[in-house]
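Structure at a glance
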Amino acid sequence: MTAAERWDERVRFIESSPLQGSAFCRGLTAVTDQWVATVYAEALAASGTSPDGLALVAAGGYGNGLLSPGSDLDILLLHSKRKNVEALTAKLWYPMWDVGVKLGHGVFTPKDAARLAAGDLEVATTQLALRRLAGDEALTAEVLDEARTGWRKRSATWLAELRTRVAERRATSGDVAFLLEPDLKDGRGGLRDVHALSWLDLAQPVLSDTDELALRGAYEVLLRARVELHRRSGRR
């Protein structure tokens, strides 16, 4: 299949899949992976770029494998000090923009990725969920291992900042449980709170098996609502 055909397949999945909640999100992630990998293969061919020392990886929510219809796609191109990757990136990012995807993207060596993650909470958490889409498996594993090691080493700093961010979000967005039209993503008890707990647990394991079971149940309810809101409204 061409990238255009893969994209049409993704659109049909969103419009007609009977799946709900996390099952839908995993299915959408799978068809999106196929589309992104095909775009990458076509970009390599069109730019005449060798795939050696390159890896295309999903990050953040996309890396976690739970896409909703309106989710951003966070994608990184990793390379081992390759020169002249600009020809490839022009062929890679523009087809994604052309179909209307909101794309978070970057091009990094492992050293670049580690440096950026050491200085920015959002970058640090995004790199905790890297997942290879195409290319060098070892390169992907290297960056992911460094991200998780750095997260644990700087956990005191990151968790203090995370606590501040959570408090600010809750003050702005209110409580999911008690609002007629809650903010399912940023409200207190919303999706970002579940993410924050998972980041906390990576730094300092605190969740029991019972906690994790309860979180999965709550997350499923939130995902079901979010997926259907995206599908029915056509909005993010």
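Note: the structure precedes this text.
This structure is a prediction, so every number in the text was calculated from the model and none was measured.

Locating Thr 149 in the fold gives a position in helix α7 (residues 137-153). In the structure, Thr 149 is positioned 62 residues away from Asp 211 in sequence and 24 Å away in space, judged by C-alpha atoms. At 2.9 Å, the side chain of Thr 149 forms a polar contact with the backbone oxygen of Asp 145.

This paragraph deals with the pattern of salt bridges. Here the structure, examined in full by the defined rule, presents 11 salt bridges. Of the charged contacts in the structure, one is a salt bridge between Asp 193 and Arg 169, with a shortest N-O distance of 3.0 Å. Note that Asp 193 is positioned in helix α9 (residues 191-203) and Arg 169 in helix α8 (residues 155-173), a separation of 24 residues in sequence. Arg 169 gets classed as buried once you look at its relative accessible area, which sits at 14%. For Asp 193, the salt bridge is made with Arg 170, and the minimal N-O distance between the two is 3.0 Å. Of this pair, Asp 193 sits in helix α9 while Arg 170 sits in helix α8, placing them 23 residues apart in sequence. Bridged by salt links that share partners, the residues Arg 169, Arg 170 and Asp 193 form one connected network.

Right, let's get into the nonpolar core. Formed by 40 residues in total, the largest nonpolar core has its most connected members in Trp 35, Tyr 40, Leu 56, Ile 75 and Met 96. Within the residue set of this core, elements represented by two or more residues are α1 (3-16), α2 (21-47), β1 (54-58), β2 (73-79), α4 (86-98), β4 (131-135), α9 and α10 (209-233). At 10 residues, α2 tops the list of elements feeding residues into this core. Ignoring sequence-local partners within four residues, the contact set of Leu 56 consists of Val 36, Tyr 40, Ile 75, Leu 76, Leu 77, Leu 92, Arg 131, Arg 132, Leu 133 and Ala 134. One finds Ala 117, Leu 121, Ala 124 and Leu 162 within the second-largest nonpolar core, a separate group that totals 12 residues.

Centre distance and the angle of the planes are the two values used to describe a pair of aromatic rings. Across all of its chains, the model carries four aromatic pairs by this definition. Consider the rings of Trp 7 and Trp 35, whose centres lie 4.7 Å apart with planes at 55 degrees: the pair is tilted. Of the two residues, Trp 7 sits in helix α1 while Trp 35 sits in helix α2, which places them 28 residues apart along the sequence. Like Trp 7, the residue Trp 35 is buried in the burial classification.

Taking 1.5 Å of rise per residue, the 13 residues of α9 would be expected to cover 18 Å, and the 19 Å separating its terminal C-alpha atoms lies within 8% of that figure. Among the residues of α9, Leu 191, Asp 193, Val 194, Ala 196, Trp 199, Asp 201 and Ala 203 are the ones counted as buried. Residues of α9 that are buried sit in contact with α6 (121-126), α7, α8 and α10.

Once that is clear, we can look at the pairing of β2. The element β2 is extensively covered by neighbouring structure, given that six of its seven residues are classed as buried. By the bridge criterion, five bridges tie β1 to β2 in an arrangement that is antiparallel. Looking across to β2, one finds that Leu 54 is bridged to His 79. Across six bridges, the pairing between β2 and strand β3 (residues 103-108) is parallel. By the bridge assignment for β3, Leu 78 is matched with Phe 108.

Turning our attention to the packing of α9 against α10. At their nearest, the axes of α9 and α10 sit 10 Å apart, and the two run at 145 degrees to each other. Considering how the two elements wind past one another, α9 and α10 form a crossing that is left-handed. Each of Leu 191, Val 194, His 195, Leu 197 and Asp 201 in α9 lies in contact with α10, whose residues at this interface are Glu 212, Leu 215, Tyr 219, Leu 222, Leu 223 and Arg 226. Among the residues making up the contact of α9 with α10, the classes are represented as seven nonpolar, one polar and three charged.

Scoring rules and cut-offs
Residues numbered from 1 in each chain as written. Predicted model: local features only at pLDDT ≥ 70, side-chain atom pairs only at ≥ 80, totals over all residues. Heavy atoms only, no water. Helix = DSSP H or I, 4+ residues; strand = E, 2+ residues; numbered from the N terminus. Polar contact = N/O pair within 3.5 Å; in protein donor to acceptor, adjacent residues only side chain to side chain. Salt bridge = Lys/Arg side-chain N within 4 Å of Asp/Glu carboxyl O. Buried < 20%, exposed > 50% of the residue type's maximum accessible area, 1.4 Å probe, protein only. Core = buried A, V, L, I, M, F, W, Y, C linked by side-chain atoms within 4.5 Å. Contact = heavy atoms within 4.5 Å. Phe/Tyr/Trp six-rings, centres within 6.5 Å; stacked < 30°, edge-to-face > 60°. Expected span 1.5 Å × (residues − 1). Pairing = 2+ DSSP bridges. Axes fitted to C-alpha atoms, helices over the stretch in contact; angles between N-to-C directions. Left-handed = near helix turned anticlockwise from the far one by under 90°. Nonpolar A, V, L, I, M, F, W, Y, C, P; charged D, E, K, R; others polar.

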